[in-house]
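Structural features, examined
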Amino acid sequence: MYNVENIRKDFPILSCSINGKPNIFLDSAASAQKPQMVIDKIVNIYTSKYSNVHRGSYYLSEAITEEYEQSRYSVQKFLNARSPQEIVFTRNATEAINLVAFSWGRRFLTKMDEVLISEAEHHANLVPWQMLRDEIGFELKIFKINDDGSFNCEEFCKNLSGKTKLVAITGMSNVLGTVFPIKDIIKSAHEVGSKVLVDGCQYVVHHPTDVQDLDCDFLAFSGHKTYGPSGIGVLFGKAELLDAMPPYQFGGDMVNVVTYQSTTFDIPPARFEAGTPAIVQAIGLGAALEYMMNIGMNEIYEHEQNLTKYMHQQIKNIPGLQEVGTAPNKGGVFSFVLEGVHPQDLAFILDKEGVAVRVGHHCAAPLVRRMGHESLARASLGLYTNKADIDAFIRAVQKAKTFF
C-alpha cells in the first residue's frame, strides 16, 4: 500500500515553511528533493569514509571504491542492464548525450547519414546534434508532433529511412508530459539499421525502465531528478557499442599504458570516466535509486498517474487556464498559461503562497514556440506529491486571478 504521508516524512525539506506557508513543491521535473537517507549517506561518506577511488591500497580508498562501484550495480539493477560495465557515470544527462554525440557520433556518422529527433526535445538532445551536424555535414531531421503534444507516428515513419543512423528521442517531454512510445520507436528504428538514444531524464524517474526489454542502444538520465545529488548522471550503452567508441575526455584513471610517446586506453566504463569522478555524488545516486526501488517503481507510477488524473480534474475548474500539452496518458508535467497573467507574475504570486513552479521555456525554447508561446508556467509531480499539494496549487492560482 502506497503511503504518501509516510514517504513525505523521509524528505525533511517538505516540512520547511516558505514565506510562512507550507512548502508546496511542484518543480520536481527540474530537480527533485532528497530523502533523508540520501542526505545521511552523503554525510556519512564525507565524515567517515572519504578518499579517492581506484587508486589507493589503504583502507579508506578500498572502502570507498567498493561503495562507488556498488552504486554502479544499483544503476544496473534500476535499468536492468546486462552488466555494470554498460553503466558510465557522467556529470549529468547533458554530458551523457554529448558523450554519445562526440564519441560514437564522430566515429560512426558521415555526411551521407541522417540523425532523427522530435520537435519535443530538450536543448540537451538538440544542440549537440546541431553542433555535430555542422562539423560532419549529416542531415539533422526533426519530425513533427501533434498539436496536443502527442507522438505523430505518421511523421516519424515518414522521416525514418535507410539513411537514418541514429534516432535520439525523449522518453517523456519535460514541457508537455507526453510519454513517447519508445519501445515501438526503437523497434522501427532498428528495422532500418538505426541506433537509438533515449533521453530518459523525465522517463526513468516515473516509469519502470528495462533497457533490455526496450532494446535501446543508449539511455541517459540525471541523478538530481531521481532524488539523488546534482553533479552526477548516467549513460547506459550496450557493451558492444561502448567497446567500439573512442574516449570522450582524456586524463587519469581512463588509461591503460602511458608513455611520453603514446597512450592506450582502458575498457569501458573506465574509458569514459576521465579524472577523479563525482565519487560522493555517485554513491548518493546509488542510495537514491535503492530508495526508489524499495518503494517500488510500479507503485510510484500508479501513485503519480492517480495524481495526474486528479490534477486534470481540478484545473478544469479554473477559468482562463490553458494547459499546453494534453496528450493521452501523459505524465505528471503540467505546462500552462493563465489568461491575462504573465507566467513570471503568476509564479511570483504562487511563491508568496508557498507554491513552487517553474517559469520560462524549460530548456526547450523551440518546442515552447512551436506550441505557440514564449514562456510557460509548469507544475510537476514527484513521488512525494499528494492531493493536498494540488489543492493548494489550485487555490493559489485562483487567488492569482484576483490580482488581474
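First, a word on what this report is: a plain description of the structure on this page.

What counts, and where the lines are drawn
- Residues numbered from 1 in each chain as written.
- Predicted model: local features only at pLDDT ≥ 70, side-chain atom pairs only at ≥ 80, totals over all residues.
- Heavy atoms only, no water.
- Helix = DSSP H or I, 4+ residues; strand = E, 2+ residues; numbered from the N terminus.
- Buried < 20%, exposed > 50% of the residue type's maximum accessible area, 1.4 Å probe, protein only.
- Polar contact = N/O pair within 3.5 Å; in protein donor to acceptor, adjacent residues only side chain to side chain.
- Contact = heavy atoms within 4.5 Å.
- Pairing = 2+ DSSP bridges.
- Axes fitted to C-alpha atoms, helices over the stretch in contact; angles between N-to-C directions.

Points about the side chain of R8
One can find R8 in helix α1 (residues 4–8). R8 gets classed as buried once you look at its relative accessible area, which sits at 15%. Within the structure, the side chain of R8 is placed 2.8 Å from the backbone oxygen of Y384, a separation counted as a polar contact. Residues in contact with R8, not counting those within four places in the same chain, are L14, N23, Y384, T385, N386 and D389.

So, the environment of I315
Here I315 shows up in helix α11 (residues 297–315). Classification of I315 as buried rests on a relative accessible area of 10%. Sequence-wise, I315 and A400 are 85 residues apart; in three dimensions their C-alpha atoms are separated by 14 Å. Once you skip the residues sitting within four places of it in the chain, I315 turns out to touch L321, E323, F393 and I394.

What about the side chain of N23?
By the element assignment, N23 lies in the loop between β2 (21–22) and β3 (24–25). When residues no more than four places from it in sequence are discounted, the contact partners of N23 are R8, I13, L14, C16, I18, G354 and D389.

What to know about the sheet that holds strand β13 (residues 321–324)
Taken in spatial order, the four strands line up as β13-β14-β17-β16 in an open sheet, and their pairing is antiparallel. Two strands close off the open sheet at either side, each with one partner strand: β13 and β16 (358–360). Strand-to-strand twist of the sheet, defined as the mean angle between neighbouring strand axes without regard to direction, takes the value 35°.

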